[in-house]
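Read off the chains here:
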Amino acid sequence: PYNDANTATASYDDEPTVDLPISFYSILNLSPARASSASIAAAYSAVMQRELVEGFSQDALAARADLVDAAAQVIGDAALKAEHDLDVRSGRLTPVPVSQVGGALALMQEAGEHEAVIEYAPECLAAVRGRYARRDITLSAALAHCELSHLALTSNPPRVGEGCELLDIASSILIAEAGPGFSGELQDTIDRTLQEMGPAYVIEL
């Protein structure tokens, strides 16, 4: 269904979209110079086999798989690749069908686009309908905050206050959207890290 590098999928023509800064190279963790048939196939397998955090809905996982398929198809086709390269260079956003944004944000977060996930999550939340779709978006936003927290806590010197505040935000948005039992493994990790960093946070203050 993916025959247009400017649209995440061509089979959802009547569905509303959200414009997102998606790079198919980032999704596959490839550079344009390394995008050979063999490297695309290897990158595709690696992304599809990646273990994900507990909590994503089946719809989000299906959308994620569709977008990985799209990335491999576009980058593997010379004409579509050239079009996508132009879009990336010009900063053009990709219209993503609303039903696919949960998978798109998950992939953006996996690719390290943490700030972009946090920036675009509110727009995605405003566009979707349904509890599970909102949870998918919130989970990606929480993971993005956790990754930024990790960068702060492992910097030299550690930015403990910033890291703890980011973890607090991650926990708060998860609980507010889905309750304390949602993605329990992630919430346990957040709570444990906050407890471990508590003394250092007090010293920094």
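A few points on the structure. Since this is a predicted model, take the numbers as computed values, not measurements. (Residues numbered from 1 in each chain as written. Predicted model: local features only at pLDDT ≥ 70, side-chain atom pairs only at ≥ 80, totals over all residues. Heavy atoms only, no water.)

## Comments concerning the overall build of the protein chain
Now for step 1: Within the protein chain, the secondary structure is distributed over 9 helices and 2 strands.
Now for step 2: Secondary structure elements of the protein chain, listed N to C terminal, follow the sequence β-α-α-α-α-β-α-α-α-α-α.
Now for step 3: In terms of overall size, the protein chain behaves like a compact globule, its C-alpha atoms giving a radius of gyration of 18 Å where 205 residues would be expected to give roughly 17 Å.
Now for step 4: Structurally, the protein chain occupies a C-alpha span of about 55 × 40 × 30 Å along its principal axes. (Helix = DSSP H or I, 4+ residues; strand = E, 2+ residues; numbered from the N terminus. Rg over C-alpha atoms; globule rule 2.2 N^0.38 Å.)

## Some remarks on the environment of A127
Now for step 1: Secondary-structure assignment places A127 in helix α6 (residues 114-127).
Now for step 2: Along the chain, A127 and P180 lie 53 residues apart, while their C-alpha atoms are 24 Å from each other.
Now for step 3: Contact partners of A127, with chain neighbours within four places excluded, come to V18 and V98. (Contact = heavy atoms within 4.5 Å.)

## Quick word on the pairing of strand β1 (residues 17-20)
Now for step 1: Side-chain alternation along β1 places V18 and L20 on a buried face and T17 and D19 on a face that remains uncovered.
Now for step 2: Examined bridge by bridge, β1 and strand β2 (residues 94-97) share 4 bridges and lie antiparallel to one another. For T17, the partnering residue across the bridge sits in β2 and is P97. (Buried < 20%, exposed > 50% of the residue type's maximum accessible area, 1.4 Å probe, protein only. Pairing = 2+ DSSP bridges.)

## Observations regarding the packing of helix α3 (residues 58-75) against helix α5 (residues 101-110)
Now for step 1: Where α3 contacts α5, the two axes come as close as 7 Å, and the packing angle between them is 65°. The angle between α3 and α5 places the two elements in the roughly perpendicular class. The two elements α3 and α5 meet at a crossing, and its hand is right-handed. Residues A60, A63, R64, L67 and V68 of α3 form the contact with α5, whose participating residues are G102, G103, A104, L107 and E110.
Now for step 2: Residues that form the contact of α3 with α5 fall into these classes: 6 nonpolar, 2 polar and 2 charged. (Axes fitted to C-alpha atoms, helices over the stretch in contact; angles between N-to-C directions. Parallel < 35°, antiparallel > 145°, perpendicular 65-115°, else oblique. Left-handed = near helix turned anticlockwise from the far one by under 90°. Nonpolar A, V, L, I, M, F, W, Y, C, P; charged D, E, K, R; others polar.)

## Some points on the nonpolar core
Now for step 1: Membership of the largest hydrophobic core comes to 37 residues, with the highest contact counts inside it found for L20, I22, F24, I27, L28, V101 and I137.
Now for step 2: Elements supplying a minimum of two residues to this core: β1, α1 (24-28), α2 (37-48), α3, α5, α6 and α7 (131-153).
Now for step 3: In terms of residue count, the dominant contributor to this core is α3 (7 residues).
Now for step 4: Residues L153, A170, L174 and F182 belong to the second largest nonpolar core, which totals 18 residues. (Core = buried A, V, L, I, M, F, W, Y, C linked by side-chain atoms within 4.5 Å.)

## Some points on α5
Now for step 1: Of all 10 residues in α5, 9 are buried, a share of seventy percent or more.
Now for step 2: For α5, every residue scored as buried is listed here: V101, G102, G103, A104, L105, A106, L107, M108 and Q109.
Now for step 3: After α5 finishes, the residue G112 shows a positive phi value of roughly 90°.

## Quick look at a negative patch on the surface
Now for step 1: A contiguous patch of negative charge, built from E51, E54, E185, D188 and D191, is present on the exposed surface.
Now for step 2: Inspection of the secondary structure puts E185 in helix α9 (residues 184-204). (Patch = residues over 30% accessible without salt bridge, like charges linked within 9 Å, V, L, I, M, F, W, Y side chains within 5 Å. Areas by Shrake-Rupley, 256 points an atom, 1.4 Å probe, with all protein chains shown as cover. Salt bridge = Lys/Arg side-chain N within 4 Å of Asp/Glu carboxyl O. Lys, Arg positive; Asp, Glu negative; His and termini not counted. Charge placed at Lys NZ, Arg CZ, Asp CG, Glu CD.)

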